[in-house]
Amino acid sequence: MRTAVLVSGRGSNLKALLDASRGGNLPIEIVAVGSDRLGAAALDLSKEVGIPTRAFPIMNYPHRQAQEEDLLTWMRENRVELLLLAGYMKVLGPQFIRQADFPVLNIHPSLLPAFPGLHAQRQALEYGVKVSGCTVHLVDEGLDSGPILLQEAVAVLPEDTEESLARRILEAEHRLYPEAVGLVVSGRVKRVGRRVQILQQEGSE
Ligand code: GRF
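## Observations concerning the domain arrangement of the protein
Assigned domains within the protein: domain 1 (1-102) and domain 2 (107-205). For domain 1 and domain 2, the distance between their C-alpha centroids amounts to 19 Å. Tallying the contact residues gives 19 residues for domain 1 and 16 residues for domain 2. Buried area between domain 1 and domain 2, both sides added, is near 1500 Å², and the carbon and sulfur share of it is 73%. It is Asn 13, Leu 85 and Ile 97 that lose the most area in domain 1 upon contact with domain 2, and together they represent 30% of the buried surface on that side. At the surface where domain 1 touches domain 2, the tally comes to 1 salt bridge. Notably, a salt bridge pairs Arg 98 with Glu 141, separated by 3.3 Å at the nearest N-O pair.

And the structure:
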């Protein structure tokens, strides 16, 4: 499945997806990696392995919608069938979501609906939860609010700092994202309203 990934920074989730697809464990082909930031390390990673990249810095556009129109055109040119957000720090606007004729997935470092938005690990520590984790969800027009595909829990330890918790959650993210993408690609995901059912086999109940 022809897949685009949008990133803003480091790209460790992109790497986990690349490793899974190149290792033959995930039937996607990452054909394009886009970013809203020129210097994102994830772009270098993509270039190293020969994947076409493009930066779409917001400041180059009169408004956000123009940037998103450009993104969408680029995805159409690349015949994208699946879009994965992997640390993309901008919220895609309603127009983009409505016009995208492919599934859009995101990974978030908390057990949604707890702690959406920025600094999810810090929010979890400040709130005092004993368990946090990560969520892969379908992207809708809200902030980290789309139907949930998979979640993995991670214990919050008494000695945790934001960094140590983020590190353990990230390890879970690197397992969970390829697994969730695999379910979507194999047609084993059925959406019923807000609920996402995981089917045993493609098309079965
Ligand atoms: C991850 O924690 C992801 O859940 C969040 O942003 C971070 C991106 O990290 N949306 P990386 O760029 O994939 O290393």
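## Observations concerning the site of the ligand
Around the ligand, the neighbouring residues are Arg 10, Gly 11, Ser 12, Asn 13, Gly 87, Ile 107, His 108, Pro 109, Leu 170 and Glu 173. One of the backbone nitrogen or oxygen atoms of Gly 11 is found 2.8 Å away from an oxygen atom of the ligand. For the ligand, an oxygen atom lies 2.9 Å from a polar atom in the backbone of Asn 13. Taken by itself the ligand offers 370 Å² of open surface, and the protein chains cover 87% of this. Judged by its atoms lying within 2 Å of the grid points, the ligand is housed in the largest pocket. When residues of the shell around the ligand are traced back to their parent elements, those giving at least two are helix 1 (12-22), strand 5 (104-108) and helix 6 (162-185). The class makeup of the residues in the shell around the ligand is 3 nonpolar, 5 polar and 2 charged.

## Let's talk about the sheet that holds strand 3 (residues 53-55)
Pairing within the open sheet is mixed, and its 7 strands lie in the order 3-2-1-4-5-6-7. Here the strands that pair on one side only, and so sit at the sheet edges, are strand 3 and strand 7 (148-155). On average, each strand axis in the sheet is tilted by 20° relative to the strand beside it, whichever way the strands run. Bridge analysis of strand 1 (residues 2-7) against strand 4 (residues 82-85) gives 4 bridges, and the strand direction is parallel. Bridge pairing in strand 4 links Thr 3 to Leu 82. Sheet contacts for helix 1: strand 1, strand 2 (29-35), strand 4 and strand 5; angle to strand 2, the most-contacted strand, approximately 170°.

About the thresholds
- Residues numbered from 1 in each chain as written.
- Predicted model: local features only at pLDDT ≥ 70, side-chain atom pairs only at ≥ 80, totals over all residues.
- Heavy atoms only, no water.
- Domains from an automatic or database assignment.
- Contact = heavy atoms within 4.5 Å.
- Buried area = accessible area lost by both parts, 1.4 Å probe.
- Salt bridge = Lys/Arg side-chain N within 4 Å of Asp/Glu carboxyl O.
- Near = heavy atom within 4 Å.
- Polar contact = N/O pair within 3.5 Å; in protein donor to acceptor, adjacent residues only side chain to side chain.
- Areas by Shrake-Rupley, 256 points an atom, 1.4 Å probe, with all protein chains shown as cover.
- 1 Å grid on protein atoms, 1.4 Å probe; cavity = no way out; pocket = protein on both sides within 12 Å on 5 of 7 lines; lining within 4 Å.
- Sits in = over half its atoms within 2 Å of the grid points.
- Helix = DSSP H or I, 4+ residues; strand = E, 2+ residues; numbered from the N terminus.
- Nonpolar A, V, L, I, M, F, W, Y, C, P; charged D, E, K, R; others polar.
- Pairing = 2+ DSSP bridges.
- Axes fitted to C-alpha atoms, helices over the stretch in contact; angles between N-to-C directions.

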